[in-house]
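Here is how the chains run, residue by residue.
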Amino acid sequence: MMDDIWDVIIVGGGPAGLTAGIYAKRAGLNTVVLEKAIAGGQLAEAVTVENFPGFPEPLPGAELGERMRKQAEKLGVRFQRGEARGLKREGDFWVVEADATELKGRAVIIATGGVPKELPAKGAREFKGRGVSYCATCDGFFFRGKKVLMVGAGDAALEEALFLTDICEKVYVAVRHPADDPHAIRAAAVLKERALSHPKIEFLWNVVVEEVRGDGAVKEVVLKDLGSGELKNLPVEGVFVKIGYRPATEWLRGVVELDEGGYVVTDEWMRTSRPGVFAAGDVRVPVGRYAQAVIAAAEGAIAALKAHEYISEKVRGR
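Read on for a plain summary of the structure.

Remarks on the side chain of S133
Then, in step 1: The topology assignment puts S133 in strand β8 (residues 132–133).
Then, in step 2: Among the residues examined, S133 registers a relative accessible area of 3% and is labelled buried.
Then, in step 3: Reaching out from S133, the side chain makes a polar contact with the backbone nitrogen of C135 at a distance of 3.1 Å.
Then, in step 4: Excluding residues that lie within four positions of it along the chain, S133 makes contacts with D139, V239, F240 and V241.

Okay, here's the thing in C-alpha cells:
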C-alpha cells in the first residue's frame, strides 16, 4: 500500500475515526482507516448503548461500531488492519509506519483513543488473562457461577458489573471512596440506581486492591480499608478492572505536542501542533470534554472537515 498516496490516513477505528472516515469520503477525499482491532474501539466493549442519537432501542456497542464501519465502507472508505508504530514527515506527505507496511498521505487524523489503565496492585499483571480481565463482555463467560470483583465506579464499571450479574453468582464492586461521599460513584444516575438495588451486587466502600493472589489462577484479593488501613482477604475467582484509560500515543512522542498525561494537544478545530495532523476523540487532551461516543463522533467530523480544508488550501497553493 506504500505505492498509494492517500488524501487522509485515519488511525483508529472507534467512533471518532469511523465518523472522520465517513465525512472525509463524503468530502471527496481518498481515505483509509488503519485499525488494529474490531470496529468501534472502546465502544465495542459496551454491553448496551442507550444514549446515541437515532437509536431509540438500546443496542450493543459492538453492533453500533460495526454499523458505523459498514456505513464508511459503503461510501468507499478503505480499511487496513494494523497498529501504528510511528509517524514521520517525508516531503509534502505524512507517513504512518504500521506493523508490516507504511501509509503515505497528505493529512493524518489521530483517533487511537486509549488503552485500559492497569490495576496498580501486586500480582495484577501476573494474573492478567488468568483471572484478571479488563473486559467483562469479552471474558465474563469464563466466570459463570463464580464470585468476582469489579474495580471501579464509573459508567463502564457499573455497566459491566450489571452484565456480570447474568453470569456470575456474586459481583463485588470495590469503590475507593466512602459510601457517604456524593462523588463516590461517578456513573450515570440510572446505572447507579440499577447497581445499588441489584441483589447480586455488593458494594465495598473505601477500599483499594492491594494484592491479587492465586495458584495459577486468581483465588482471592487483599483489600485495604483506606480509613483504618486494615487488610482483608476476599475470596473471588475473577477480577474485572475499569479504572480509566491512558491515551494510545507512544508512537507520537517527539512528533506532535502531547501533554504530561500523553494526550494530544489540539485547538478547538482538532488541529495538532503539526500542520496536516489532526486528532479526535479520547486521545485528545480531556480538559473540558466528556468521554462519550457522540462527542468523539462529532470531533471526528470536525477533524475530517478541517483535513479537507487543509488539503484544499495546499492544492490551491501549488
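Having put the structure on the table, let's press on.
Remarks on the packing of aromatic side chains
Aromatic ring pairs are reported here in terms of the distance separating the ring centres and the angle at which the planes meet.
Then, in step 1: This model, assessed by the stated rule, comprises five aromatic pairs.
Then, in step 2: Ring geometry for F141 against F142: centres 5.9 Å apart, planes inclined by 75°, an arrangement best described as edge-to-face. The same class applies to F141 as to F142, namely exposed.
Then, in step 3: Relative to F240, the ring of F143 has its centre 5.2 Å away and its plane inclined at 75°; by these criteria the two rings are edge-to-face. With F143 in the loop between α3 (136–139) and β9 (147–151) and F240 in strand β15 (residues 238–241), this pair connects stretches of sequence that are 97 residues apart.
Then, in step 4: According to the relative accessible area criterion, F240 is buried, its value standing at 0%.
Then, in step 5: The ring of F79 has R69 sitting right over it, with the charged end atom 3.9 Å from the ring centre.
Then, in step 6: Note that K306 overlies the ring of W269, its terminal NZ or CZ placed 4.5 Å from the centroid.

What about the sheet that holds β8?
Then, in step 1: Spatial strand order, β8-β15-β9-β10-β11: five strands in an open sheet with parallel pairing. With partners counted over all chains shown, the strands left at the sheet margins are β8 and β11 (201–204), one partner each.
Then, in step 2: Pairing of strand β10 (residues 170–174) with β11 involves four bridges; the strand directions are parallel. From the neighbouring strand, V171 faces β11, where its bridge partner is I201.
Then, in step 3: In this fold helix α4 (residues 155–164) packs onto β9, β10, β11 and β15, with an angle of close to 170° to the strand it touches most, β9.

A closer look at the environment of N30
Then, in step 1: Its place among the elements puts N30 in the loop between α1 (15–26) and β2 (31–35).
Then, in step 2: As for N30 and I9, which are separated by 21 residues in sequence, their C-alpha atoms are 8.8 Å apart.
Then, in step 3: Among all residues touching N30, those that are not within four sequence positions of it are I5, W6, D7, V8 and K25.

Calculation rules
Residues numbered from 1 in each chain as written. Predicted model: local features only at pLDDT ≥ 70, side-chain atom pairs only at ≥ 80, totals over all residues. Heavy atoms only, no water. Helix = DSSP H or I, 4+ residues; strand = E, 2+ residues; numbered from the N terminus. Buried < 20%, exposed > 50% of the residue type's maximum accessible area, 1.4 Å probe, protein only. Polar contact = N/O pair within 3.5 Å; in protein donor to acceptor, adjacent residues only side chain to side chain. Contact = heavy atoms within 4.5 Å. Phe/Tyr/Trp six-rings, centres within 6.5 Å; stacked < 30°, edge-to-face > 60°. Lys NZ or Arg CZ within 6 Å of the ring centre and 35° of its normal. Pairing = 2+ DSSP bridges. Axes fitted to C-alpha atoms, helices over the stretch in contact; angles between N-to-C directions.

By themselves, these observations are geometric and do not establish any function.
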